[in-house]
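Residue-level structure breakdown
Chain by chain, the residues run as shown.
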Amino acid sequence: MAFRRSLAAGAQIADTQSVPEYSAEERLRIIAEALMIEQNKLHFLFSPKNGGCSVSGQVEHYPAVGAFLRNYIQQDHALVIADKERGQFSRLLTELMDDSKQRVSDLLLKQSVRIIPSAELPFRLSGGSFAGVDLYMGDDHKWKVHKFINREQRDEDADVRLAREGAFIRDLPAAPKAMFPFVGPSDVIETDRLVGYNMDYCPYPTMAESLLSGHCGGKQIVDALGNIYGQMFHDMYVHPEPDDEQDDSYFERIDRRFDRVMQTPESVGPRLKMLMRRERVLVSMANDTMGHYLSMNTSNRVKSTVA
C-alpha cells in the first residue's frame, strides 16, 4: 500500500550543499544528542529550529543536532523517524558525516527516513483512491496511518469497500496478516460520519521509489513481484470464502466503474474511453518477443490471453 507524497528528494533537501568538516569532539556531541533523543522516543517528527530542534512538536535543546541538520533540510520541513529498534536516527547522522559522496536522498531512502514539508500533524499523504490518508502519532507514541471516507461522499462502492478492507486485514490468519501493515481489533471505524481504519505506518520505500532512485532494476522488480504473488497463492488464496459472504463479485464492481467512466462527458478521458471500447488490445512487453492480449467482453470485464 503506497501512501506517499513525502519523497526524500527535490527541493526539500540540499543534496549537493557543502557541509563543513567536523572535529572528533563535534561529532561526538552530535551523536550524543541523537542518542539522547532516541532514548526517549522511538518514533518521532524532527524539525531543526534556531538554537535547537523540535521533536514531535516539543521544542528541545539539542543545538548540535539542530545545527547539523540545518545543512540538509529547511526549517519548515521535518524528518519522519519510525524505527522498530533504537539507533536509526544516530545511524543516519553518522552516515551523513562519514560519507559526503552519497546523495542525501539516497541515505534517507536507505535508512527509511522521510522528509515532509510540515512540522504539523496529522499530515495528509497521497494515495487511498476515494479515501483520505493521514499520518499521525498514535496513543502508543508510534506512527499510524488513518485511512477514511466521509460518508457524505455517498459513493456506491467506496464506503463498503473501505470498511471491508480494514476488517479483511484485521481478521486474516497470522501468515498472510504479516504481509500487511498491522490493523488491530479496534482499528476498524464505522460511524454515522466516517468509515475507515487505522494501520501501522510502514516507512520503507515503495517499489516505484526504489526503481526511480536507481536502487533496483527491472529484473529485481520482476523477482519481487514473483515472490509477492507466490506468497499470496501460498498463504492467502488457499483460504475459503466465508459462508456468510453476501458481497457482489469483484467483476460487478468493475462493471459499475466502467459504466461510471463511460457516463462522463465525452471530453473527459477520451483516450481511456477509446481503449475501453476496443475489443482487443495488444500490450507490448519490453525485452520480450511475446505480447499480452487483453480482450473485453460485452460486460466490460477484462480477460487476459497470451499472444
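Residues numbered from 1 in each chain as written. Predicted model: local features only at pLDDT ≥ 70, side-chain atom pairs only at ≥ 80, totals over all residues. Heavy atoms only, no water.

Taken in spatial order, the five strands make up an open sheet running β3-β2-β1-β4-β5, and their pairing is antiparallel. Every other strand in the sheet has two partners, leaving β3 (58-60) and β5 (114-116) as the edge strands with one partner each. Averaged over all neighbouring strand pairs, the angle between strand axes comes to 30°, with direction disregarded. Of the strand pairs in this sheet, strand β1 (residues 43-49) and strand β4 (residues 78-82) are connected by four bridges, and their pairing is antiparallel. What sits directly across from Phe46, in β4, is Leu79. Contacts from helix α3 (residues 88-98) reach β1 and β4 within the one sheet, and its direction differs from that of β4 by about 130°. (Pairing = 2+ DSSP bridges. Helix = DSSP H or I, 4+ residues; strand = E, 2+ residues; numbered from the N terminus. Axes fitted to C-alpha atoms, helices over the stretch in contact; angles between N-to-C directions. Contact = heavy atoms within 4.5 Å.)

On inspection of all chains with the given rule, the structure shows five aromatic pairs. Seen in terms of ring centroids, Phe44 and Phe89 are 5.3 Å apart; in terms of plane orientation they differ by 90°. Their pairing is edge-to-face. One end of the pair, Phe44, is in strand β1; the other, Phe89, is in helix α3, with 45 residues separating them in the sequence. Both residues of the pair, Phe44 and Phe89, count as buried. (Phe/Tyr/Trp six-rings, centres within 6.5 Å; stacked < 30°, edge-to-face > 60°. Buried < 20%, exposed > 50% of the residue type's maximum accessible area, 1.4 Å probe, protein only.)

The buried count for strand β8 (residues 143-150) comes to seven of eight residues, which makes it a mostly enclosed element. Where strand β7 (residues 132-137) folds back onto β8 in an antiparallel hairpin, the turn is made up of five residues, including His141, whose phi is positive at roughly 60°. Of the strand pairs in this sheet, β8 and strand β10 (residues 194-200) are connected by seven bridges, and their pairing is antiparallel. In the sheet register, His146 faces β10, and the bridge partner there is Asn198.

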